[in-house]
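# Residue-level structure breakdown
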Amino acid sequence: MTRFQKLAAATVVTTLLLVTIGVVVRATGSGVACPDWPLCYGNILPPLNDPNAWIEWTHRTVAAAIGFLILGLAVFAVRDHRDRPAILWGSLGAVALVGFQAWLGRETVRLGNSGPSVTAHLATAMALLGLLVFLLVRSLFPARIGGRGSSQRFTLLATLAAAAVYVLLLFGSNVTAASAALVFPDWPLMGGSLVPPLTEATSVHVLHRWAAVIVGLIVAALVIVAWRTQRRHPALWRLAVIVAVLYPIQALIGGAQVLTRLAEWTQTLHVALGALIWASTAGLAFASYYTARVDAPVGAHGSGDTNVDRDPTDGVDRGARRPLSDSVRAYVALTKPRIIELLLVTTVPAMILAARDVPGLRIVDFTGLVIATLVGGTLAAGSANAINCYLDRDIDELMARTRRRPLPAHQVEPERAMVFGIVLGVVSLVLMAWLVNLVAAFLTLLAIAFYVVVYTIMLKRTTPQNIVIGGAAGALPPVIGWAAVTGSVGLPALVLFALVFYWTPPHFWALSLRIRCDYEAVRVPMLPVVRGIAETSRQILLYTVLLVAISLVLFAVGRLGWIYLVAAIVLGAVFLRQAVALWRTGAAEAESTAGAIRLYRYSISYLSLLFLAVAVDAIVAAPLG
């Protein structure tokens, strides 16, 4: 190993040690044992007869040592790795981040270990740990990476797992900050139930446990996919196994926290294992990315993922410099702005409806919350769409509707499109967690994951029910909007979810009736391709009936007034009329195509106007009751 690699490995291990000591500080109440900073009672060493002060002093001393280790990394990076911008700038970024972390530590002491300051301190520590893991992993690969490379699909799954673990760690810190760790005396049940009532006192704890189950499913999927596709890469396979083994152990330790009434050893071990799992999943994501870049295409080895990535240039003429404006337009196009607009239409009305249940919410605060949620939601949707473009670039090149997108048009390199999508997703999660709340951030991550993994990778090319199940991703924005305001998920939010969920099949099937030849050519089993025009028209009508029924259920559940009720009846009647007209055309291709286009266009107006009615009604109409 080089001296940079040795120092990076030592810094990662020391940072894990620091996190563990930090939990001991919190579990023993030692965070304010030294009331000043950086000294302790005005001295370099704490009083000999104060064990809590020594625990806090040890924490500060190890943190200072990490600062010097990171400075050493930066020096080695400048001297030895100026040819690797990722290592050079990453090391300098680590210096800045550790300085920020030190400032946060001082603020945590000044604020008396307040919940938000401790959570921010942990979040920054985990970000620093992730950056150090990146520096270590990058240093293990060649400086120049070229060649064709293999599929980055496993990288996407590993990145999802890492992001989910990171957000779950913050969820756990938030539970402690809210003093909600012991709101239930039992485990794994919660007050004797898997689905207890969500109240202001219990929601933080309940959502943490539910989130842990979801993350556990993601980890299970990670190790299964690793076993199927990465066994010829022992390092990746072993990392995946480590994560899969550690995660259930950490969950059991979490249960022990409840059963032992927060024994100090359970708190320490729970967070220490969480940090190790985060470092492992982050390392797995980084290692998978660089392994795929230096690897020969999987198809050349006769096994694994047959959707092989092409050369990173993929037709892009790297010798010809594109104007900056053209590049910006290409990257913006990757995010599919017109789809984003439709998603955001459902977010703001849900926030306005939820605001009725938050007394004392000022218009200035609400406006700032809306802006933050819209910015985070826009970046998240752009992330999912950009990654979708990367995954579907092979079929996009063959379809008339999509062949002008940036990747099939060779305006952006595929690998850069994927990285762009991941960066957008990370930024969106940071903004949602920082400016909104952790529940909204986790739901945002879930929406990205569902669209990329469940819909694009698992369902789109395998089943005609792809758009039905995959539509859950597009139905999450109103739930995210509701959670942004309330910090929880109420029954009206679930009805709003169902409304968009059942709207998606009629909307998208109407479009697929028009372009079914494209889908047939690329062997994507959309319903019109598999079941024909007549059956698709019948399914559109059935889902429209369900959609209109749910829109009327929202009237009661959401405690809406006459403005919404009239809008739901009128808009639903028009939708039903068009769906019936399309169904009556039967298998007549020309008539059904024309009717499908009309229904597709109207479905957009329907959703926009219906959610506008929700917003207007919530503002100006008194609820019935």
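Residues numbered from 1 in each chain as written. Predicted model: local features only at pLDDT ≥ 70, side-chain atom pairs only at ≥ 80, totals over all residues. Heavy atoms only, no water.

## Let's talk about the overall build of the protein
As a reminder of what qualifies: Numbering goes from the N terminus for both helices and strands, where a helix is a DSSP run of H or I of at least four residues and a strand is a run of E of at least two. For the radius of gyration, the atom set is restricted to C-alpha positions; the globular benchmark scales as 2.2 Å times the number of residues to the power 0.38. Here, residues are in contact when the closest pair of their heavy atoms is within 4.5 Å. Per-residue and other accessible areas follow the Shrake-Rupley method at a 1.4 Å probe size, with only the shown protein chains counted as cover for residues. Residues counted as positive are Lys and Arg, residues counted as negative are Asp and Glu, and His and the chain ends are not counted. A charged residue contributes its charge at one atom only: NZ of Lys, CZ of Arg, CG of Asp or CD of Glu.
Regarding its fold elements, the protein presents 23 helices and zero strands. Taken over C-alpha atoms, the radius of gyration comes to 26 Å for the protein, in line with the 25 Å a tight globule of 625 residues would show. Seen through its principal axes, the protein has C-alpha atoms that stretch 85 × 65 × 45 Å. By sequence separation, contacts in the protein at least 24 residues apart represent 76% of the contacts at least 6 residues apart. Looking at the protein as shown, the accessible area adds up to about 27,300 Å², and 67% of this sits on carbon and sulfur atoms. Taking the 47 positively charged and 31 negatively charged side chains of the protein as two groups, their mean positions are separated by 3 Å.

## Some points on helix α8 (residues 264–294)
Two residues of an α-helix separated by three or four positions point the same way, owing to the 3.6 residues in each turn. The condition is simple: To estimate the expected span of a helix, count its residues, drop one, and scale the result by 1.5 Å. In this scheme, a residue with accessible area under 20% of its type's maximum is buried, one over 50% is exposed, and one in between is partly exposed, where area comes from a 1.4 Å probe on protein chains only.
Over its 31 residues, α8 extends 45 Å from the first C-alpha to the last, a length consistent with the 45 Å expected when each residue adds 1.5 Å. Of all 31 residues making up α8, 23 are buried, and the element is well covered by its neighbours.

## A short note on the pattern of salt bridges
Note the threshold: By salt bridge we mean one thing: a side-chain nitrogen of Lys or Arg within 4 Å of a carboxyl oxygen of Asp or Glu.
Applying the stated criterion across every chain, the model contains 12 salt bridges. Asp326 serves as the salt-bridge partner of Arg329, at 2.4 Å between the closest nitrogen and oxygen. Here the residue Arg329 and the residue Asp326 both occupy positions in helix α9 (residues 324–334), the gap between them amounting to three residues, near one helical turn. The class of Arg329 is exposed, set by a relative accessible area of 52%. On the accessibility criterion, Asp326 (26% relative accessible area) is partly exposed. Note that Arg538 is salt-bridged to Glu535, the shortest N-O span being 3.0 Å. Taken together, the residues span about one helical turn, with Arg538 and Glu535 both in helix α21 (residues 533–557) at a distance of three residues.

## Observations regarding unusual backbone geometry
Omega for the peptide link from Trp187 to Pro188 comes to 10°, which places this bond in the cis form. The backbone of His410 shows a phi angle near 60°, a positive value even though the residue is not glycine. On the basis of relative accessible area, His410 is assigned to the partly exposed category, the value being 28%.

## Brief notes about the packing of helix α7 (residues 234–259) against α8
What counts is decided by this rule: Between the N-to-C directions of two axes lies an angle of 0 to 180 degrees, each axis being a line fitted to C-alpha atoms and, for a helix, fitted only over the stretch in contact. Throughout this description, any angle smaller than 35 degrees is read as roughly parallel, any larger than 145 degrees as roughly antiparallel, any in the 65 to 115 degree range as roughly perpendicular, and the remainder as oblique. In this scheme, a crossing is called left-handed if the near helix is turned counterclockwise away from the far one by less than a right angle; it is called right-handed if the turn is clockwise. Under the scheme applied, nonpolar residues are Ala, Val, Leu, Ile, Met, Phe, Trp, Tyr, Cys and Pro; charged residues are Asp, Glu, Lys and Arg; polar residues are all the others, including Gly.
Contact pair α7 / α8: the axes reach a minimum separation of 9 Å and the direction vectors enclose 160°. In terms of their interaxial angle, α7 and α8 are classed as roughly antiparallel. Our pair here, α7 against α8, has a crossing hand that is left-handed. Considered class by class, the residues forming the contact of α7 with α8 number 17 nonpolar, 12 polar and no charged.

## Structural notes on helix α18 (residues 491–514)
Rules: Fitting axes to the seven residues that end at a residue and to the seven that start at it, the angle between those axes gives the bend at that residue.
Between the first and last C-alpha of α18 there are 36 Å, a value that for 24 residues agrees with the 34 Å anticipated at 1.5 Å per step. Thr504 marks where α18 bends most, by close to 25°; the proline Pro505 follows one to four residues later. Of all the 24 residues making up α18, 19 are buried; the element is thus mostly covered by neighbouring parts of the structure.

## A look at the side chain of Gln5
Relative to the assigned elements, Gln5 resides in helix α1 (residues 3–27). Judged by relative accessible area, which is 10%, Gln5 ranks as buried. Once you skip the residues sitting within four places of it in the chain, Gln5 turns out to touch Leu136, Ser139 and Leu140.

## Quick notes on the state of the cysteines
We apply this condition: Here, two cysteine sulfur atoms that lie within 2.5 Å of each other are counted as a disulfide.
Overall, the coordinates contain one disulfide when judged by the stated rule. Bridging Cys34 to Cys40, the disulfide has an S-S length of 2.0 Å. In this structure, the disulfide formed by Cys34 and Cys40 twists by about -80° around the S-S bond and is classed as left-handed. Taking relative accessible area as the criterion, Cys34 reaches 0% and is therefore assigned buried. Given a relative accessible area of 1%, Cys40 falls into the buried group.

## Focus on the side chain of Asp186
What counts, and what does not: Counted as a polar contact is a pair of N or O atoms within 3.5 Å, where, for protein atoms, one must be capable of donating a hydrogen and the other of accepting one, and residues adjacent in sequence contribute only when both atoms are in side chains.
You can see Asp186 is positioned in the loop between α5 (153–177) and α6 (203–229). A polar side-chain atom of Asp186 sits 2.8 Å from the main-chain amide nitrogen of Gly191. Polar side-chain contacts of Asp186 include one of 2.8 Å to the backbone nitrogen of Gly192. Contact partners of Asp186, with chain neighbours within four places excluded, come to Gly191, Gly192, Arg209 and Val258.

## Comments concerning the confidence of the model for the protein
So the rule is basically this: Scored from 0 to 100, pLDDT records how confident the predictor is in each individual residue.
With 93% of its residues at a pLDDT of 70 or more, the protein shows a mean pLDDT of 88. Least confident of the elements in the protein is helix α10 (residues 337–345), whose mean pLDDT is 84; most confident is α7, at 95. Note on residues 298–319: pLDDT under 50 across the span, and 49 contacts to partners over four residues away in sequence or across chains.

## Brief notes about the packing of α5 against α8
Geometrically, a packed helix pair is captured by the angle between its two axes and the distance between the axes. In the contact formed by α5 and α8, the axes pass within 8 Å of each other and the chain directions differ by 160°. The pairing of α5 with α8 is recorded here as roughly antiparallel in orientation. Here α5 and α8 pass one another in a crossing that is left-handed. Contacts between α5 and α8 involve Phe154, Thr155, Ala158, Thr159, Ala161, Ala162, Val165, Tyr166 and Leu169 on the former and, on the latter, Gly274, Ala275, Ile277, Trp278, Thr281, Ala282, Leu284, Ala285, Ser288 and Tyr289. Residue classes in the contact of α5 with α8 are distributed as 14 nonpolar, five polar and no charged.

## Focus: the packing of aromatic side chains
The line we're drawing: Only Phe, Tyr and Trp rings are paired, with Trp represented by its six-membered ring, and only when their centres lie within 6.5 Å; those with planes under 30 degrees apart are stacked, over 60 edge-to-face, the remainder tilted. In this scheme, Lys NZ or Arg CZ marks a charge over a ring once it lies within 6 Å of the ring centre and within 35 degrees of the ring normal.
Applying the stated criterion across every chain, the model contains 18 aromatic pairs. When the ring of Phe501 is compared with that of Tyr502, the centres are 5.3 Å apart and the planes differ by 85°; the resulting orientation is edge-to-face. Judged by relative accessible area, which is 19%, Phe501 ranks as buried. An aromatic cluster of at least three residues, connected via ring pairs, comprises Phe134, Phe141, Phe286, Tyr289 and Tyr290. Of note, Arg231 hangs over the ring of Trp227, and the distance from its end group to the ring centre comes to 4.4 Å.

## A look at the environment of Ala263
Take Ala263: it is sitting in the loop between α7 and α8. Residues Ala263 and Leu445, spaced 182 residues apart in sequence, show a C-alpha to C-alpha distance of 32 Å.

## What to know about the environment of Thr108
When you line up the elements, Thr108 lands in helix α3 (residues 85–110). Spatially, the C-alpha atoms of Thr108 and Phe171 are 18 Å apart, while their sequence positions differ by 63 residues.

## Focus on the nonpolar core
Basically, it comes down to this: Residues belong to a common nonpolar core when they are buried Ala, Val, Leu, Ile, Met, Phe, Trp, Tyr or Cys residues joined through side-chain atoms within 4.5 Å.
Counting residues in hydrophobic clusters, the biggest one holds 176 residues, and the most contacted among them are Met126, Leu129, Phe171, Trp278 and Tyr564. Ignoring sequence-local partners within four residues, the contact set of Trp278 consists of Met126, Leu129, Gly130, Ala162, Val165, Tyr166 and Leu169.

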